[in-house]
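# Close look at the chain arrangement
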Amino acid sequence: MAAIYSLYIINKSGGLIFYKDCGSAGRMDTNDSLRLASLWHSMHAISQQLSPVAGCSGIELLEADTFDLHCFQSLTGTKIFVVSEPGTMYMEALLKHIYELYTDYVLKNPFYEMEMPIRCELFDINLSQAIQKERVALLGR
């Protein structure tokens, strides 16, 4: 069973710009993944406003019985979140690494338009390698 089920990247306005299924049993269709991204963006924004702690950056981890949802938000408002097996460790480091790949292969691509869906082969290749390395590391722990 894979430790990471799926990966989403959301732009600052809540639009889904990237989705990768990493072997989960039930693959979502496009509309469901768009709804999930929009719902997460809204929940994240509401949690920032309702938090009793000043300067709260929103939800970073959502734990459920059957999955964990780990989120990383960049300073520009782009959110990367991973749906994984419950109790999966070290997701923060993976999310930061994915953001580094995003900045290196997507944002530095002269043909990429900001806030648009990501279509970059080098990003896909390096992302798949990073997720595979994470799976191997998790099996070794």
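Residues numbered from 1 in each chain as written. Predicted model: local features only at pLDDT ≥ 70, side-chain atom pairs only at ≥ 80, totals over all residues. Heavy atoms only, no water.

## Thoughts on the pattern of salt bridges
A full pass over the atoms with the stated rule returns 3 salt bridges. Among the ionic pairs, Glu-92 bridges to Lys-96, the shortest N-O distance being 3.2 Å. One end of the pair is Glu-92 and the other is Lys-96, both in helix H2 (residues 91-107) and 4 residues apart, which spans about a single turn. Across the salt bridge formed by Lys-108 and Asp-104, the nearest N and O atoms sit 3.2 Å from each other. (Salt bridge = Lys/Arg side-chain N within 4 Å of Asp/Glu carboxyl O. Helix = DSSP H or I, 4+ residues; strand = E, 2+ residues; numbered from the N terminus.)

## Notes on the nonpolar core
Burial of nonpolar side chains together is a common tendency in soluble globular proteins. Core analysis: the largest hydrophobic core is formed by 24 residues, its most contacted members being Ile-9, Tyr-102, Ile-118 and Phe-123. Elements represented by at least two residues in this core include exactly strand E1 (4-10), strand E2 (16-21), strand E5 (79-84), H2 and helix H3 (121-140). Those residues in contact with Ile-9, other than ones at most four positions away along the chain, are Gly-15, Leu-16, Ile-17, Phe-18, Thr-78, Lys-79, Ile-80, Tyr-102, Ile-118 and Phe-123. Counting residues in each nonpolar core, the second largest holds 11 residues, with Ile-10, Tyr-19, Ala-37 and Cys-71 among its members. (Core = buried A, V, L, I, M, F, W, Y, C linked by side-chain atoms within 4.5 Å. Buried < 20%, exposed > 50% of the residue type's maximum accessible area, 1.4 Å probe, protein only. Contact = heavy atoms within 4.5 Å.)

## Quick word on the environment of Arg-135
Summarising the element assignment, Arg-135 is placed in helix H3. Overall, the relative accessible area of 22% leaves Arg-135 in the partly exposed class. For the pair Arg-135 and Ile-4, spaced 131 residues apart in sequence, the C-alpha to C-alpha distance is 7.8 Å.

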